[in-house]
Amino acid sequence: MEDFNVGVIEQTCLRARGYFYVGGTYRGYPGKRRMCGQMFVEVYVPRQIRAQYPIIMFHGAGQTNLNWLGTPDGRKGWADYFVEQGYIVYLAEQPARGRSAYHAEDDGPRIYHPVEALEQRFTSDHGDWPEAVLHTQWPDGGETIGTKTFDQFAASQVEYLPDNAASQKRVQACAEELLQKTGPSVLLTHSQAGPFGWNIADAYPGLVKGIVALEPSGPPFSNDLSCSCAKNFGISDLPLRFEPRVVSPGDFELEFCPGNAEGEQAGWILKGERYKLPHFPRIPILILTAEASYHARYDHLTSRVLKQMGVEHEHIKLREAGIHGNGHMMMLEKNNLEIAGFIQDWLDRNIR
């Protein structure tokens, strides 16, 4: 391996790999027709399949499947790790992103993360939230713009749709066909992809055997503390199958949850526990929050709302598990395999 460039990772447990597309529709007029809305999916099959269910990994905003294939400094990523543990691994690339075709006339404009925002939010220890100073796990000691590891990370970033609801609709339109191909699966989501897990589990509960939500999109309902009007369905921008039925976010009555001395910020939660999500029971769910991430400020609100909705789950803060110094991009950081091992242990205990 000494003769290879950084970024080439030896694979000894891989039996086969492939790809396919799910979803997509033809649009346009004769002679100018195009397919749009399709989702690119990679599949990695181990030499020995030891896990009962495969894992489907969904990346977050501005990202692609590269999040799971390796790290910016050339180390092993989570796809290889879980293949080594005996899992079939599927990597889903969001529609209108990466190798999933984007058509401006169908998908609308896109945005991107400026490199200064990437540094401040994902790689450095000088974010504008108190926990940012605890960030020690970015490779090469928190390298910044113009340095080797950061430049590799910045080069991997892509444009994405600014409308979260639009992204959720596109993924949901592909979900049934995806699960028909994978069979019952565990969903692993990150950040903006968090609602994908909730939406898919709500629609196809029998095919979702577990959810690992890495710092899922939040805070719930709204981040405007001056207005108690819900701007979404709490954990998703798309309607979910509540009992009693919820037609619009305006049906929710919210109450203010104050912050606390531990640094958890204030935000909106449900007033009471009237609205339930009955399709979620018996699906093991883990929410994982890193010590130095901006999500350390509000993931507790997402957990609180899920409990109010009758969704049993575990919310584990990595610092409470003895894993310190991580930011939001934990799957790329120096101890990424330690975190993968923690997830693996949780899956072993909970997925049946």
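This one's a predicted model, so the numbers in the text were calculated from it and none came from an experiment. (Residues numbered from 1 in each chain as written. Predicted model: local features only at pLDDT ≥ 70, side-chain atom pairs only at ≥ 80, totals over all residues. Heavy atoms only, no water.)

Caption draft 1: Examining the overall build of the protein more closely. Along its length, the protein carries 10 helices and 12 strands. Principal-axis analysis of the C-alpha atoms gives the protein an extent of 60 × 55 × 40 Å. Residues counted as buried form 57% of the 352 residues belonging to the protein. Summed over all atoms, the accessible surface of the protein reaches about 15400 Å², with 48% contributed by carbon and sulfur. (Helix = DSSP H or I, 4+ residues; strand = E, 2+ residues; numbered from the N terminus. Buried < 20%, exposed > 50% of the residue type's maximum accessible area, 1.4 Å probe, protein only. Areas by Shrake-Rupley, 256 points an atom, 1.4 Å probe, with all protein chains shown as cover.)

Caption draft 2: The arrangement of the packing of aromatic side chains in detail. With the rule as written, the count across this model stands at 17 aromatic pairs. Both rings, one in Trp138 and one in Phe153, keep their centres 5.1 Å apart while their planes meet at 65 degrees; by these two values the pair is edge-to-face. Separated by 15 residues along the polypeptide, Trp138 in the loop between α4 (115-123) and α5 (139-142) and Phe153 in helix α6 (residues 148-155) bring together distant segments of the chain. Judged on exposure class, the residue Trp138 and its partner Phe153 are both buried. Following the ring pairs from residue to residue traces out a cluster consisting of Phe221, Phe233, Phe242, Phe252 and Tyr275. Over the ring of Tyr102 we find Arg110, and its NZ or CZ is 3.6 Å from the ring centre. We note Lys181 situated over the ring of Phe20; from NZ or CZ to the ring centre the distance is 5.3 Å. (Phe/Tyr/Trp six-rings, centres within 6.5 Å; stacked < 30°, edge-to-face > 60°. Lys NZ or Arg CZ within 6 Å of the ring centre and 35° of its normal.)

Caption draft 3: Broad picture of the pattern of salt bridges. Within the structure shown, the criterion is met by 15 salt bridges. Of the charged contacts in the structure, one is a salt bridge between Glu42 and Arg17, with a shortest N-O distance of 3.7 Å. Of this pair, Glu42 sits in strand β4 (residues 39-46) while Arg17 sits in strand β1 (residues 14-22), placing them 25 residues apart in sequence. Looking at Arg17, the relative accessible area reads 54%, which means it is exposed. (Salt bridge = Lys/Arg side-chain N within 4 Å of Asp/Glu carboxyl O.)

Caption draft 4: The nonpolar core, seen in detail. Grouped together as the largest cluster of nonpolar side chains are 95 residues, with contacts concentrated most on Phe58, Trp78, Phe82, Leu214, Phe252, Leu288 and Leu347. Here this core takes six residues from helix α10 (residues 336-350), the largest share from any one element. Not counting the four nearest positions on each side in its chain, Trp78 is found in contact with Met57, Trp68, Leu188, Leu214, Met330, Met331, Asn336, Leu337, Ile339, Ala340 and Ile343. (Core = buried A, V, L, I, M, F, W, Y, C linked by side-chain atoms within 4.5 Å. Contact = heavy atoms within 4.5 Å.)

Caption draft 5: How the structure looks around the environment of Gln265. Examined against the element boundaries, Gln265 turns out to sit in the loop between β9 (254-257) and β10 (267-270). Exposure remark for Gln265: the relative accessible area of 27% places this residue in the partly exposed category. Counting along the chain gives 61 residues from Gln265 to Tyr204, while the straight-line C-alpha distance between them is 33 Å. Sequence-distant contacts of Gln265, that is, excluding residues within four places in its chain, are made with Pro219, Gly259, Arg297, Tyr298, His300 and Leu301.

Caption draft 6: Examining the sheet that holds strand β11 (residues 285-289) more closely. An order of β1-β4-β6-β5-β7-β8-β11-β12 is seen for the eight strands of this open sheet, with the pairing classed as mixed. Both edges of this open sheet fall to β1 and β12 (314-317), since each of them pairs with a single strand only. Between one strand and the next, the sheet's axes are offset by a mean angle of 20 degrees, whatever the strand orientation. One ladder, built from eight bridges, connects β1 with β4; its direction is antiparallel. Bridged to Val22 within β4 is Met39. The sheet strands contacting helix α9 (residues 299-308) are β11 and β12, and the helix crosses β11 at an angle near 165 degrees. (Pairing = 2+ DSSP bridges. Axes fitted to C-alpha atoms, helices over the stretch in contact; angles between N-to-C directions.)

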